[in-house]
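Here are the chains, one letter per residue:
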Amino acid sequence: MYLAGSVEDTSGGDTELDDLDADGEEEPDDGDTEIEIRSAEIEVVLAELGDALEQHFFRRLEVWDTDENVLVETSAAAELDEDHFELVLRLCYRLRWNPEEGIGEHWVDYPKTSDPDNGSYDRARRPDRLALPVIFLTPGQPLTLRPASAFRGLLKSGGDDMATALQALSLAVDDATDGLSATKVISAVLEEVFKPVRGTLDIDTQTPVADIVSFRAEGGSVAGLLRALQPALRLGAPDALPLRRHGSTTAAILATAEALVLANQGGALVVCDDFGDQLDAGAAEHLARELRNSCDQLWMSTRRPEAARAFRPEEMVRLSRRTGERAAYQMAPPSDKRELSVVRQLHLQLLPAMSSRSIVVFEGRHDVAALTAISQRRPRKPTPAAYGVRFVESDGHTEVVKICKLARQLGFRVVAGLDFDTPGQGADTSFTEAQQVADDVVRLPERFAIERALVHGVPRQNLLDAFNELDNQWQLGLNGIDQMEDRELERRITKALHKSGLHAQYVYLLPRNVKPKIAIRFLDTAVELARAATAGPVTLTA
C-alpha cells in the first residue's frame, strides 16, 4: 500500500466542522471544533488485490511501476513487463467544507474516473468499500451477546444453530419467570393492585391476576434479554464474578483475544489503533506478537513499548510533529555488526521514549540516575518529562554517537550530554563528532565528569555527612576522610562515587537546600537544548 496526502486552505476565517457520519450528514452537536482546514485529501494505492477483487474493480484498475513507484499511462499497459508492473486500485478520501450549507462533507472516490477540476467524482459505494478485506479492531466490552458486539459477530458463524440456541434461551427464561406471579407474596400484592381497576380493565372477578401478569426480561424480546446478560468468570475463586469485578486489565485481555479471532482471516488488512493502552506489559507484548503472526498485513498504532517489541526494528514507523509539521520516520535495517549492536538500545531505552519529543543521550552510565534524582528533589521546577524530554544513558562516547544516529532516524530531537574529564585532542574529536550526529551538544566543564559535578561546590560538612552515611551502609572504605583537605576530599569521594555507582543515593542524602550547582546547570542546559529554547553547542564553566 502506498499513501499520499494533501491539505488546502482555500478561504479565510474560522470554520466549524461537526462530526460527520459516513454519508457526510451532520450528527447531533456535542461541541463544535474550530479549525482552519477547508479541504483535505488522502490517497491510497492498493496492490496485490487478487483475482476476485481485480475482477470486481476492473474498470477502475491502473498500472503501477513497482521500481519507480509511479503510475503508468494505460495506453502503454499492453507492453508492460509483469515482473516490474502490477495492477492497482487508487482510492481517495476527500474532506470539503461546504460554505453554502455550513457543514463539512467527506467521501471516498476513484481518482482514475473522477475529475476534481470540474467537480465530478466517481464515489466508491458502500458495497464496494465493504468488498475490500479491511478489518478495524475497536475496543469494546468483551463476551457480550448484545447486537453489534464483537463476540456476537463471531457467533454469526453458528448460523441457524445460534438462532435456535438464543430462542431456546428466551423460552427457558420465560418459563422460569412464569411462576413468579403465582408466588404467595407477589400474588397477594397483585390482587391488591388490580382490585380497584378490574372493572376498568374488564377483568372478571374469577380470574386470578397471576394468570394475567407475567414478568419478562426487557419486554420479552431476545435482544432485550441479551442486553441484560453479562459475562461472569470463575478465575481463582470458587464463585463466578462479573467480568467488571476482575478489573480492567482482564477485560482488555479478553477484548484483544476476541480481536485475534476476528483478525485471523486470510488476506485481510487489519488496522488497530492505540493497542495495549489498558493491558499490562507482558500481555501487551504477547498479544501484539500473536496479532502480528495471525495477520497477513497489520497496521498497529501503540504507545506501549512492550507492544512494539513484537515487531522488527525496520517494521516500526514513528510519527512525530517536533518540527511543527507532521512526519513519519522509519529506521533503516542494520548494515553491519556495529550497527546491530546498538539496536539493543532501541528496545532498552528508545522504545520507552517513543512518546517523547526529545531525548538527551548522556555519556556516562550513572548520569541519568544522578540527574533524575536532582530533578525529583526540585518540586518547584518542572521535570524534563513535563517538556517531553527523556534521558538516555550510554557507555562511552562511541555508544553516544551510535544512539544519537539511531534516535535521529526515528525523528527525535537529540541532544548529546558529554563528560570533559580528560582534556585533549580526543575530547575535542568527541565533541565534534557529537555535533555531527546530534541536534545539539552540552559538555561539562574541563576536567569534570558527572561525579565531580555532583560534589564540586557542595559544603564540606554536607559532603562528610552524606559519604559517612554511604560508607556505613555500603562499606566504601572511606576511613579518615574527616582529616583530609578539601581538594583531597573531593578527589577521594569522587573516585568512591564513580566506583560504587551510588550517585542517586548520594543526592538523596543531601539537604534540600544544598544544591550541586554544576550538575544542576548540566541538567538545565540539557533540557533547554532539548526544548530548542536555546542554541548550542555548550561547554559549561566551573
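In what follows, the structure referred to is the one given above.
What you see is a predicted model; the values in this text were computed from it and never measured.

Here is what the cut-offs are and how they apply
- Residues numbered from 1 in each chain as written.
- Predicted model: local features only at pLDDT ≥ 70, side-chain atom pairs only at ≥ 80, totals over all residues.
- Heavy atoms only, no water.
- Salt bridge = Lys/Arg side-chain N within 4 Å of Asp/Glu carboxyl O.
- Helix = DSSP H or I, 4+ residues; strand = E, 2+ residues; numbered from the N terminus.
- Pairing = 2+ DSSP bridges.
- Contact = heavy atoms within 4.5 Å.
- Axes fitted to C-alpha atoms, helices over the stretch in contact; angles between N-to-C directions.
- Core = buried A, V, L, I, M, F, W, Y, C linked by side-chain atoms within 4.5 Å.
- Buried < 20%, exposed > 50% of the residue type's maximum accessible area, 1.4 Å probe, protein only.
- Phe/Tyr/Trp six-rings, centres within 6.5 Å; stacked < 30°, edge-to-face > 60°.
- Lys NZ or Arg CZ within 6 Å of the ring centre and 35° of its normal.
- Patch = residues over 30% accessible without salt bridge, like charges linked within 9 Å, V, L, I, M, F, W, Y side chains within 5 Å.
- Areas by Shrake-Rupley, 256 points an atom, 1.4 Å probe, with all protein chains shown as cover.
- 1 Å grid on protein atoms, 1.4 Å probe; cavity = no way out; pocket = protein on both sides within 12 Å on 5 of 7 lines; lining within 4 Å.
- Points joined across faces, edges and corners; volume = space filled by probe spheres on them.
- Nonpolar A, V, L, I, M, F, W, Y, C, P; charged D, E, K, R; others polar.

Caption draft 1: The arrangement of the pattern of salt bridges in detail. Enumeration according to the criterion identifies 24 salt bridges in this entry. Notably, a salt bridge pairs E41 with R96, separated by 2.8 Å at the nearest N-O pair. Of this pair, E41 sits in strand β4 (residues 39-46) while R96 sits in strand β7 (residues 85-98), and the two are 55 residues apart along the sequence. Residues participating in the shared-partner salt-bridge network are E41, R94, R96 and D109.

Caption draft 2: Spatial organisation of the sheet that holds strand β16 (residues 358-362). Spatial ordering of the open sheet is given by β17-β16-β18-β19-β20, a layout of 5 strands whose pairing is parallel. Looking at the sheet topology across the chains shown, the edges are occupied by β17 (389-393) and β20 (538-539). As judged from the 5 bridges shared by β16 and β17, these two strands associate in the parallel manner. Bridge pairing in β17 links F362 to E393. Contacts from helix α12 (residues 367-376) reach β16 and β17 within the one sheet, and its direction differs from that of β17 by about 145°. Helix α14 (residues 425-437) rests against β18 (413-418), β19 (440-443) and β20 of the sheet, and its axis sits at about 150° to β19.

Caption draft 3: Region of the structure containing the nonpolar core. Counting 50 residues, the largest nonpolar core has F275, L291, L350 and I359 as the members making the most contacts within it. Top element by residues in this core is helix α13 (residues 397-409). It accounts for 6 residues. For L350, the contacting residues outside a window of four places in its chain are Q345, I359, V392, I403, L406, A407, L410 and F412. By size, the runner-up hydrophobic cluster in this structure holds 46 residues, among which are A466, M484, I518 and A519.

Caption draft 4: Local environment of the packing of aromatic side chains. Inspection of the entire model under this criterion finds 5 aromatic pairs. Taking the centre distance of 6.3 Å and the plane angle of 55° together, the rings of F57 and Y110 count as tilted. Taken together, the positions of F57 in the loop between α1 (50-56) and β5 (61-65) and Y110 in the loop between β8 (103-109) and α2 (126-131) put the pair 53 residues apart, joining distant regions of the chain. Overall, F57 belongs to the buried group, its relative accessible area being 1%. Considering the side-chain rings of F362 and F391, the 5.1 Å spacing of their centres and the 90° angle between planes classify their relative orientation as edge-to-face. On the criterion of sequence distance, the pair formed by F362 in strand β16 and F391 in strand β17 is long-range, its members being 29 residues apart. Given the relative accessible area of 0%, F362 is considered buried. According to the relative accessible area criterion, F391 is buried, its value standing at 12%. Members of the aromatic cluster, joined through ring pairs, are F362, F391 and F522. Over the aromatic face of Y110 sits the side chain of R60, whose NZ or CZ is 4.2 Å from the ring centroid.

Caption draft 5: Seen up close, a nonpolar patch on the surface. A cluster of nonpolar side chains, namely V185, V189 and V193, defines an oily patch on the protein surface of about 290 Å² accessible area. Looking at the secondary structure, you find V185 in helix α5 (residues 184-194). The class of V185 is exposed, set by a relative accessible area of 65%.

Caption draft 6: Quick peek at empty space enclosed by the protein. In the structure shown here, the tally under the stated rule is 2 cavities of 30 Å³ or more. Each pocket or cavity is described by its volume, and for the largest cavity that value is around 100 Å³. Together, I374, R377, R378, V507, L510, P511, R512, V514, K515, P516 and I520 line the largest cavity. Tallied by class, residues from the lining of the largest cavity come to 7 nonpolar, no polar and 4 charged.

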